[in-house]
Amino acid sequence: MTHSRLPRLRAALTVAATGALAGLLAAAVALGIAQLVAAAGGPSGEPVIAVGGAAIDLTPVPVKDFAIQHFGSNDKTVLIAGILVVLAILAMASGIAARRSRGLGLAGLAVLGALAVAAALTRPKAGPADAIPAVVGVIAGALVLLLLVRAAAPAAAPAGAPSLLTEPSAAQPPPSPGGSQPRPGMSPAARPLTRRRFLVTAAAAAGVAAAGVAAAGAAAGQVLLRRFSVAASRARTVLPAARVTGPAAPRGAQLAVPGITPFTTTDGSFYRVDTALSLPQVPPEQWRLRVHGMVERELDITFADLLKRPLTEADITLACVSNPVGGPYVGNARWLGASLAALLREARVRRGADQILSTSADGWTCGTPIETVLDGRNALLAVGMNGEPLPVAHGFPARMVVPGLFGYVSATKWVVDLEITTFSAQHAYWVQRGYSAQAPIKTGSRIDVPKPLAQVKAGQVTVAGVAWAPHRGIGAVQVRDGSGPWHQARLAAVPGIDTWRQWAWSWDATPGLHQLQVRAVDGTGAVQPSQRVPVVPNGATGWDTIAVTVT
Ligand SMILES: Nc1nc2c(c(=O)[nH]1)N[C@H]1C(S)=C(S)[C@@H](COP(=O)(O)O)O[C@H]1N2
Ligand SMILES: [Mo]
């Protein structure tokens, strides 16, 4: 690099660096202020949450599947982090643009603000007020950007301007510890002043940003507080005993095999899948369920009404359509709830209706076949899970549970509305995004022990796991080593056909590398298909296969 180019490059870098810093600070202030304003009106207007929610709804299904499968329950954290990184990059770009042209920089901020406003306004249940946090935030951010850019402006003009943010080159003497010593090539009066002014303004903005972040913290605290209050009313909730008790899980439901998936999944280890970035906080005192649409008699019931109805307790296995072969998105709990069929009979469904379109407190929708709910199975409006009120993450105060149907067509958490309608008139959330309207849970089976790629000693090795075909039941489970013959596994006891079933097989393992495979036969005699199909549009199929080394 020639001697004359270096200073110009350094000047350009200075412009870029101060611009980027100004953009970042402006965005931080915008965000902090927006969070603060949002805290006053409830978390629905929080720009990052709104943008995140909109992103979830707009994400193409394959991308969402990728996220669920690769990040699992961390998918939401990854999404928020991603949004913040993108925001930071765009903010820095706006700041750099503002060093060239203020209008351009402001336009960049305005675009970011418009995106946040659009996201806030298109959230389900959003009102015009939900745009306020983003608007106020962007105005604050724009002021900070203008201030900083004005403060830094003269630095762009003369060549040889000192870099604020890069190490001084060896060609120049290091600045004195005070930092304001004039350097060769600088106009002694203007440079340090400009620099100091920028630093002072930057420090002030940083202070405002810090205050904003603190405000955001306070806002988060408030949300937590509100969450805490729902936690408190959950703790106060006393559920009546079941009037109808399904057969208790028999003692033989749990095989004595270390490492096997327990028959009953604890609340804490139950998988969670939903589109909610912040958990809906629905106080039971305010909860209402409306049953309307193609009915003779509309119903509007309170939580107290719900608890007065005869409650049923039953073991039911829930599975997610996004569960890959061998995957974790399936769980079994003991649910307590009121009969959905009885509720529909009370409302008197009109001829021609075939779908219950249920809606959650946060606007998610789900379509369930009326025929299935009325066919005698334990379709529940559930209030309890494993002997306790539903955890907030699993739908407190009330959710649906229908044995045999994938969660996205049956298991609405935080349910507040049941519209009786038809499948041709209304399309639920995931159906709008390419999933099937009808989605019974497909027969599945999984090897839990040994673990994939485990090393085991030659001799008798227990191979074990779970298999499920809710509301058809599991008739048999078969295991094979490589392409050898299928062996019948021993089956654990089950309380009925609505749960998964543990199985175990004693394998005479010989040294070498082996491939173990499992398949189930459901209660109707249908063998789990070997063909591998993806999750979209109505659930994966294929046999779980693991490799183990025997020594
Ligand atoms: N309100 C609401 N309910 C919902 C969903 C959702 O996104 N929002 N997801 C459904 C899906 S796809 C599944 S698999 C189950 C998962 O229930 P869980 O999180 O209690 O395991 O909830 C269902 N209920
Ligand atoms: Mo799901």
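Residues numbered from 1 in each chain as written. Chains lettered and ligands numbered in written order. Predicted model: local features only at pLDDT ≥ 70, side-chain atom pairs only at ≥ 80, totals over all residues. Heavy atoms only, no water.

**Things to note about the overall build of the protein**
Next up, step 1: Along the protein, the regular secondary structure elements total 11 helices and 20 strands.
Next up, step 2: Classification of the 551 residues of the protein by burial places 51% in the buried group.
Next up, step 3: Restricting the contact set of the protein to residue pairs at least 6 apart, pairs at least 24 apart contribute 76%.
Next up, step 4: Summing over all exposed atoms, the protein offers an accessible surface of approximately 24400 Å²; the carbon and sulfur share of this is 63%. (Helix = DSSP H or I, 4+ residues; strand = E, 2+ residues; numbered from the N terminus. Buried < 20%, exposed > 50% of the residue type's maximum accessible area, 1.4 Å probe, protein only. Contact = heavy atoms within 4.5 Å. Areas by Shrake-Rupley, 256 points an atom, 1.4 Å probe, with all protein chains shown as cover.)

**A short note on the site of ligand 1**
Next up, step 1: If you check the shell around ligand 1, you find 19 residues, and the closest are Tyr 271, Thr 275, His 394, Arg 399 and Lys 413.
Next up, step 2: Val 273 places a main-chain nitrogen or oxygen 3.1 Å from an oxygen atom of ligand 1.
Next up, step 3: Here an oxygen atom of ligand 1 sits 3.4 Å away from a polar atom, N or O, in the side chain of Trp 364.
Next up, step 4: In isolation ligand 1 offers 530 Å² of accessible surface; the protein chains occlude 99% of this area.
Next up, step 5: Partitioning the shell around ligand 1 into residue classes produces 9 nonpolar, 5 polar and 5 charged. (Near = heavy atom within 4 Å. Polar contact = N/O pair within 3.5 Å; in protein donor to acceptor, adjacent residues only side chain to side chain. Nonpolar A, V, L, I, M, F, W, Y, C, P; charged D, E, K, R; others polar.)

**Notes on the nonpolar core**
General note: in soluble globular proteins, nonpolar side chains tend to be found buried as a group.
Next up, step 1: With 78 residues, the main nonpolar core has Trp 287, Leu 289, Leu 306, Trp 335, Val 383, Tyr 408 and Leu 418 as its most contacted residues.
Next up, step 2: In terms of nonpolar packing, the next biggest core, distinct from the first, is built from 21 residues, Ala 467, Ala 469, Ala 509 and Leu 516 among them. (Core = buried A, V, L, I, M, F, W, Y, C linked by side-chain atoms within 4.5 Å.)

**Here's the deal with the pairing of strand β5 (residues 330–339)**
Next up, step 1: β5 sits mainly inside the fold: 9 of its 10 residues count as buried.
Next up, step 2: By the bridge criterion, 9 bridges tie strand β4 (residues 311–319) to β5 in an arrangement that is antiparallel. Residue Thr 317 lies in a different strand from β5, and its bridge partner there is Asn 332.
Next up, step 3: Note that β5 and strand β8 (residues 380–385) share 5 bridges and pair antiparallel. In the sheet register, Trp 335 faces β8, and the bridge partner there is Met 385. (Pairing = 2+ DSSP bridges.)

**Focus on the sheet that holds strand β16 (residues 487–488)**
Next up, step 1: Spatially, the 5 strands line up as an open sheet ordered β13-β20-β19-β15-β16, and their pairing is mixed. Of all strands in the sheet, those with a lone pairing partner are β13 (455–456) and β16, marking the two edges.
Next up, step 2: Pairing of strand β15 (residues 474–481) with strand β19 (residues 512–522) involves 7 bridges; the strand directions are antiparallel. Note on β19: the bridge partner recorded for Arg 480 is Gln 517.

**A few points about the sheet that holds strand β17 (residues 490–491)**
Next up, step 1: Spatially, 4 strands are ordered β12-β14-β18-β17 in an open sheet, and the strand pairing comes out antiparallel. The open sheet has two free edges, formed respectively by β12 (444–449) and β17, since each of these has just one partner strand.
Next up, step 2: Relative to strand β18 (residues 501–509), β17 is paired through 2 bridges, and the arrangement is antiparallel. Its bridge partner lying in β18, Leu 491 is registered against Trp 503.

**As for the side chain of His 514**
Next up, step 1: Along the chain, His 514 turns up in strand β19.
Next up, step 2: By relative accessible area, His 514 is classed as buried at 11%.
Next up, step 3: Among the polar contacts listed, one links the side chain of His 514 to the backbone oxygen of Thr 510, at a separation of 2.6 Å.
Next up, step 4: When residues no more than four places from it in sequence are discounted, the contact partners of His 514 are Asp 481, Trp 507, Ile 546, Ala 547, Val 548 and Val 550.

**Brief notes about the pairing of β4**
Next up, step 1: In terms of burial, β4 is a largely internal element, 9 of the 9 residues being buried.
Next up, step 2: The alternating pattern of β4 places Leu 311, Glu 313, Asp 315, Thr 317 and Ala 319 and Thr 312, Ala 314, Ile 316 and Leu 318 on opposite faces, both of which are buried.
Next up, step 3: Of the pairings in the sheet, the one linking strand β1 (residues 244–245) to β4 comprises 2 bridges and is parallel in character. Looking across to β4, one finds that Thr 245 is bridged to Glu 313.

**Details of the confidence of the model for the protein**
Next up, step 1: Per-residue confidence for the protein averages 86 on the pLDDT scale, and 87% of its residues sit at or above 70.
Next up, step 2: Long-range and interchain partners of residues 155–190, a stretch whose pLDDT sits below 50, account for 45 contacts in this model, where long-range means more than four residues apart. (pLDDT = per-residue confidence, 0-100.)

**Some remarks on a nonpolar patch on the surface**
Next up, step 1: A cluster of nonpolar side chains, contributed by Val 135, Ile 139 and Leu 143, occupies part of the molecular surface with about 280 Å² of accessible area.
Next up, step 2: Following the sequence through the fold, Leu 143 ends up in helix α6 (residues 132–152).
Next up, step 3: A relative accessible area of 53% places Leu 143 in the exposed class. (Patch = residues over 30% accessible without salt bridge, like charges linked within 9 Å, V, L, I, M, F, W, Y side chains within 5 Å. Salt bridge = Lys/Arg side-chain N within 4 Å of Asp/Glu carboxyl O.)

**Re the environment of Ala 120**
Next up, step 1: Structurally, the position occupied by Ala 120 is in helix α5 (residues 102–122).
Next up, step 2: When neighbours within four sequence positions are excluded, Ala 120 is seen to be in contact with Ala 50, Ala 126 and Asp 130.

**Overview of unusual backbone geometry**
Next up, step 1: Residue Pro 450 is bonded to the preceding Val 449 through a cis peptide linkage, with omega at -5°.
Next up, step 2: Note on placement: Pro 450 falls in the loop between β12 and β13.
Next up, step 3: For the bond running from Val 536 to Pro 537, omega is 10°, close enough to zero to count as cis.
Next up, step 4: In this fold, Pro 537 is placed in the loop between β19 and β20 (545–550).
Next up, step 5: The phi torsion at Asn 386 lies on the positive side, around 50°, for a residue other than glycine.
Next up, step 6: Within the secondary structure, Asn 386 sits in the loop between β8 and β9 (388–389).
Next up, step 7: The phi torsion at Trp 414 lies on the positive side, around 50°, for a residue other than glycine.

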